[in-house]
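This is what each chain is made of:
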Amino acid sequence: MKKNKVTLSHLAEKLGLSISTISKSLKNSQEISEETKQLVVDTARSMGYKGTVEHPNAHKVIAVVLPDILNGFFAQVLSGIEQIASQSDYKVITCLTNDQKEKEVSYLEVLNTDNIDGFIVAVAEETQVSGDYSHLQNILDRNIPLVLFDRVVEELECDKITNDDLLSGLRTVQFLVEKGDKHVCMVSTISNTSVGKLREEGIRRQIKLYDDVLLNIITNTDEQQFEKRIEDALNYDGIDAIIALDQMAGIIALNKAKELGINIPQDLQIICYSNGLLSEYSYPKMTVVDQHAKELGSKTFIRLQNLINNEEDIKVTRIHTLKTSLLERGTTRA
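First, a word on what this report is: a plain description of the structure on this page. (Residues numbered from 1 in each chain as written. Predicted model: local features only at pLDDT ≥ 70, side-chain atom pairs only at ≥ 80, totals over all residues. Heavy atoms only, no water.)

## Some points on helix H4 (residues 72-87)
Argument step 1. Here H4 contains 16 residues, and its C-alpha end-to-end distance of 23 Å stays within 8% of the 22 Å for a straight helix at 1.5 Å per residue.
Argument step 2. What H4 keeps buried is the set Gly72, Phe73, Phe74, Val77, Leu78, Gly80, Ile81 and Ala85.
Argument step 3. Asp89 occupies a position one or two residues after H4 and carries a positive phi of about 65°. (Helix = DSSP H or I, 4+ residues; strand = E, 2+ residues; numbered from the N terminus. Expected span 1.5 Å × (residues − 1). Buried < 20%, exposed > 50% of the residue type's maximum accessible area, 1.4 Å probe, protein only.)

Okay, structure coming up:
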């Protein structure tokens, strides 16, 4: 059975002090005597208070659970989280699931203790495919702050930070069509994730607005088959442009086009999601849908920090959507 959450009001009633005194004591305010502060802290701990309890030189600890960091996007998000967290005297524990649900469940079970002040999670692909989010719900049931980012779960009532994935798909198609492209190929190795599905939905919606524009869809099942299907599309289908929903798919498409001697961007334009190292140092440099990953990371941490420090009885669940931008480089025509 879930225990009732201990609030500042409960502590105030227990000790016969004002809520203001309780709050200042927990924040180690110099306005409150050391004796009173210690009494409040001890009582808060004994009653199972989950809010913030400040001490000189104390560190808060958050856990960040990521699918991987080979994907430059997640590495940049982590950098944004860590940079702001360290400025706020937080320690960051990072766990990599390799997109495996079992690892995600295991990490969260180990870390779901009073020693962790909050969680930031990008859900593993296997978790999204399974539709089982009980391990994440367990964290919420214990009133531990949780913020999901990028790969989020609509069914969970928690804060979420996302990009405008569906709208970015619309805008990307419109950009290519305005450049004169009539046959677009979407390639993806993340078709099972929420972000992959939203981007694909945006692309499909926009394509339907044009009677004379065709769409090919190539998704990753096996790497060799994936490359072969891209090669066949470039050789035989008359592809004008490629939209890659992730960096890996974009680099595979670019390398295959160069291998076939296709002139880029004159005969083939390529746009790739995520402004990471692979796309930045490709040749030609890849035009990307920039998700502003470091900014997303810092905003995600700030939201988690606000939840951790929130001393109100009622918390409002928020969903933040950040706008992406198209960063034009060498794989699209000027």
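That was the structure; now back to the text.
## Quick look at unusual backbone geometry
Argument step 1. Here the amide bond leading from Ile264 into Pro265 is cis, since omega sits at 10°, within 30 degrees of zero.
Argument step 2. One non-glycine residue with positive phi stands out, namely Asn143, at about 60°.
Argument step 3. As for its position among the elements, Asn143 is in the loop between helix H7 (134-141) and strand E4 (146-149).
Argument step 4. Asn143 sits in the partly exposed class, given a relative accessible area of 24%.
Argument step 5. Its identity is not glycine, yet Asp150 carries a phi of approximately 60°, on the positive side.
Argument step 6. Within the fold, Asp150 resides in the loop between E4 and strand E5 (159-163).
Argument step 7. The class for Asp150 is buried, based on a relative accessible area of 4%.

## Section: the sheet that holds strand E6 (residues 183-188)
Argument step 1. Spatial strand order, E7-E6-E8-E9-E10-E12: six strands in an open sheet with mixed pairing. If you trace the sheet from one side to the other, it starts and ends with strand E7 (214-219) and strand E12 (325-327), each paired once. Across this sheet, the average inter-strand angle for adjacent strands is 20°, counted without regard to direction.
Argument step 2. Where strand E9 (residues 269-273) lies against strand E10 (residues 287-290), three bridges are found, and the strand directions are parallel. Looking at the pairing, Ile271 lines up with Thr287 of E10.
Argument step 3. Across the sheet, helix H10 (residues 223-236) lies against E6, E7 and strand E8 (241-244), angled at about 160° from E7, the strand it touches most. (Pairing = 2+ DSSP bridges. Axes fitted to C-alpha atoms, helices over the stretch in contact; angles between N-to-C directions. Contact = heavy atoms within 4.5 Å.)

## Observations regarding the environment of Tyr283
Argument step 1. Considering the arrangement of structural elements, one finds Tyr283 in the loop between helix H12 (277-280) and E10.
Argument step 2. The exposure class of Tyr283 is exposed, given its relative accessible area of 66%.
Argument step 3. For the pair Tyr283 and Ile271, spaced twelve residues apart in sequence, the C-alpha separation works out to 13 Å.
Argument step 4. Once you skip the residues sitting within four places of it in the chain, Tyr283 turns out to touch Leu254 and Lys258.

## Topic: the sheet that holds E5
Argument step 1. Ordered in space as E2-E1-E3-E4-E5-E11, the six strands form an open sheet in which the pairing is parallel. Edge positions in the sheet fall to strand E2 (90-96) and strand E11 (319-322), since each has one partner strand and no second. The average undirected angle you get between the axes of adjacent strands in this sheet is 15°.
Argument step 2. Bridge count between strand E3 (residues 118-121) and E4: three bridges; the pairing is parallel. Along E4, the bridge assignment pairs Ile120 with Val147.

## Digging into the packing of helix H8 (residues 165-178) against helix H9 (residues 194-207)
Argument step 1. As a packed pair, H8 and H9 sit with axes 7 Å apart at the nearest point and diverge in direction by 40°. With respect to each other, H8 and H9 are oriented oblique. Seen from above, H8 lies across H9 with right-handed handedness. Packed against H8, whose contacting residues are Asp165, Leu166, Gly169, Leu170, Val173 and Gln174, the element H9 presents Val195, Leu198, Arg199, Glu201, Gly202, Ile203, Arg205, Gln206 and Ile207 at the interface.
Argument step 2. Residue composition of the contact of H8 with H9, grouped by class: seven nonpolar, four polar and four charged. (Parallel < 35°, antiparallel > 145°, perpendicular 65-115°, else oblique. Left-handed = near helix turned anticlockwise from the far one by under 90°. Nonpolar A, V, L, I, M, F, W, Y, C, P; charged D, E, K, R; others polar.)

## Notes on the pairing of E3
Argument step 1. In E3, alternate side chains face the same way, and those of Gly118 and Ile120 on one face and Phe119 and Val121 on the other are all buried.
Argument step 2. Direction of pairing for strand E1 (residues 60-66) relative to E3: parallel, over a ladder of four bridges. Counterpart to Val64 in the pairing with E3 is Ile120.

## Details of the pairing of E8
Argument step 1. Neither face of E8 is left uncovered, since the one carrying Ala241 and Ile243 and the one carrying Ile242 and Ala244 both have all their residues buried.
Argument step 2. The sheet contact formed by E6 and E8 spans four bridges and is parallel. When the sheet's bridge partners are listed, Val187 is paired in E8 with Ala244.
Argument step 3. Two strands pair when backbone bridges link them, and E8 and E9 are joined in this way by four bridges, in the parallel orientation. When the sheet's bridge partners are listed, Ile243 is paired in E9 with Ile271.

## Some points on the pattern of salt bridges
Argument step 1. Overall, the coordinates contain 15 salt bridges when judged by the stated rule.
Argument step 2. The closest approach of N and O atoms between Lys37 and Glu34, which form a salt bridge, is 2.9 Å. On the criterion of helical spacing, the pair formed by Lys37 and Glu34 is a turn pair, its members being three residues apart in helix H3 (residues 34-47).
Argument step 3. Glu34 sits in the exposed class, given a relative accessible area of 57%.
Argument step 4. As a salt-bridge pair, Lys256 and Glu259 come within 3.3 Å of each other at their nearest N and O atoms. Pair noted here: Lys256 and Glu259 are both in helix H11 (residues 247-259), with a separation of three residues, about one helical turn.
Argument step 5. Here the salt bridges do not stand alone but share partners, grouping Glu231, Lys256 and Glu259 into one network. (Salt bridge = Lys/Arg side-chain N within 4 Å of Asp/Glu carboxyl O.)

Purely geometric numbers; function is a separate question.
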